[in-house]
Structure formats: C-alpha cells, structure tokens
Amino acid sequence: DFIMASFFDKQGDPTMDPYTILSLPPTATEAEIKKAFRTQMLQLNPDRLSPTLTDESIAAVRVTFHNVKDAYEFLISPIHMTS
C-alpha cells in the first residue's frame, strides 16, 4: 500500500525541507518561490495527469502536489518571512 508522507507532523512542524520540495536554494527570493510553486502546481495538477497512469502513480503525484502546496504556504507565511 502507498503511504502518504505529510509535509507537517502532528504538531504542525514541517517534516521535509520546503526549499528542497520546491527545488530552490535556501536563499530564494519570494518571487522565485512563487514562480517555482506555480510551475510545479501546473505540472502536478491532478486534472492534467495522463489517463494512463496507475492508481499508485496518481496517488504519489497527489501527495507531491499537496506537499508543494504546503511547502509554499509555509515559506510565504508571515511567521516564516519575518524569522
């Protein structure tokens, strides 16, 4: 069975490096973060997936889609931006 790896743990802390998820260096600007997010969301959009993908592949893409969204939201959050 496919196990979903969540970006956040039970306490709400990230379990993965958000910059790695977005394929960015830690020095990325807000504009670079937004561009990487938009690019990946277009590529991973569940509505745009090939109909020939297996259920397991679709599940993996959905997990990545949600992790990209969570990583972006974490990086642009006011708490993170000011720290």
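Scroll up a little and you will see the structure.
Asker: Help me understand the overall build of the protein in this model?
Answerer: Of regular secondary structure, the protein possesses 4 helices and 0 strands. Ordering the α and β elements of the protein from the N terminus gives α-α-α-α. When burial is assessed residue by residue, the protein has 30% of its 83 residues classed as buried. A fraction of 53% describes how many contacts in the protein between residues 6 or more apart in sequence connect residues 24 or more apart. As displayed, the protein offers around 5800 Å² of accessible surface, 56% of which is attributable to carbon and sulfur atoms.

Asker: So what exactly am I meant to see when it comes to the packing of aromatic side chains here?
Answerer: Pairs of aromatic rings are described using the distance from one ring centre to the other and the angle between the two planes. Taken as a whole and assessed by the stated rule, the structure comprises 1 aromatic pair. Geometrically, the ring pair formed by Phe-37 and Tyr-72 is stacked, given 3.9 Å between the ring centres and 10 degrees between the ring planes. With Phe-37 in helix α2 (residues 30-44) and Tyr-72 in helix α3 (residues 55-76), the pair connects residues that are 35 residues apart, well separated along the chain. Exposure class is identical for Phe-37 and Tyr-72. Each is buried.

Asker: Help me understand the pattern of salt bridges in this model?
Answerer: Close approach of charged atoms allows side chains of opposite charge to pair. Under the criterion given, the structure shown has 3 salt bridges. The partner of Lys-34 in a salt bridge is Glu-30, with the nearest N and O atoms 3.6 Å apart. With Lys-34 and Glu-30 both in helix α2, this residue pair falls 4 residues apart, about one helical turn. For Glu-30, a relative accessible area of 38% corresponds to the partly exposed category.

Asker: Is there a simple way to explain the environment of Arg-38 in this structure?
Answerer: Tracing the backbone shows Arg-38 in helix α2. Residue Arg-38 is classed as exposed on the basis of its relative accessible area, which comes to 54%. Here the alpha-carbon distance between Arg-38 and Tyr-72, two residues 34 residues apart in the chain, equals 9.6 Å.

Rules used throughout
- Residues numbered from 1 in each chain as written.
- Predicted model: local features only at pLDDT ≥ 70, side-chain atom pairs only at ≥ 80, totals over all residues.
- Heavy atoms only, no water.
- Helix = DSSP H or I, 4+ residues; strand = E, 2+ residues; numbered from the N terminus.
- Buried < 20%, exposed > 50% of the residue type's maximum accessible area, 1.4 Å probe, protein only.
- Contact = heavy atoms within 4.5 Å.
- Areas by Shrake-Rupley, 256 points an atom, 1.4 Å probe, with all protein chains shown as cover.
- Phe/Tyr/Trp six-rings, centres within 6.5 Å; stacked < 30°, edge-to-face > 60°.
- Salt bridge = Lys/Arg side-chain N within 4 Å of Asp/Glu carboxyl O.

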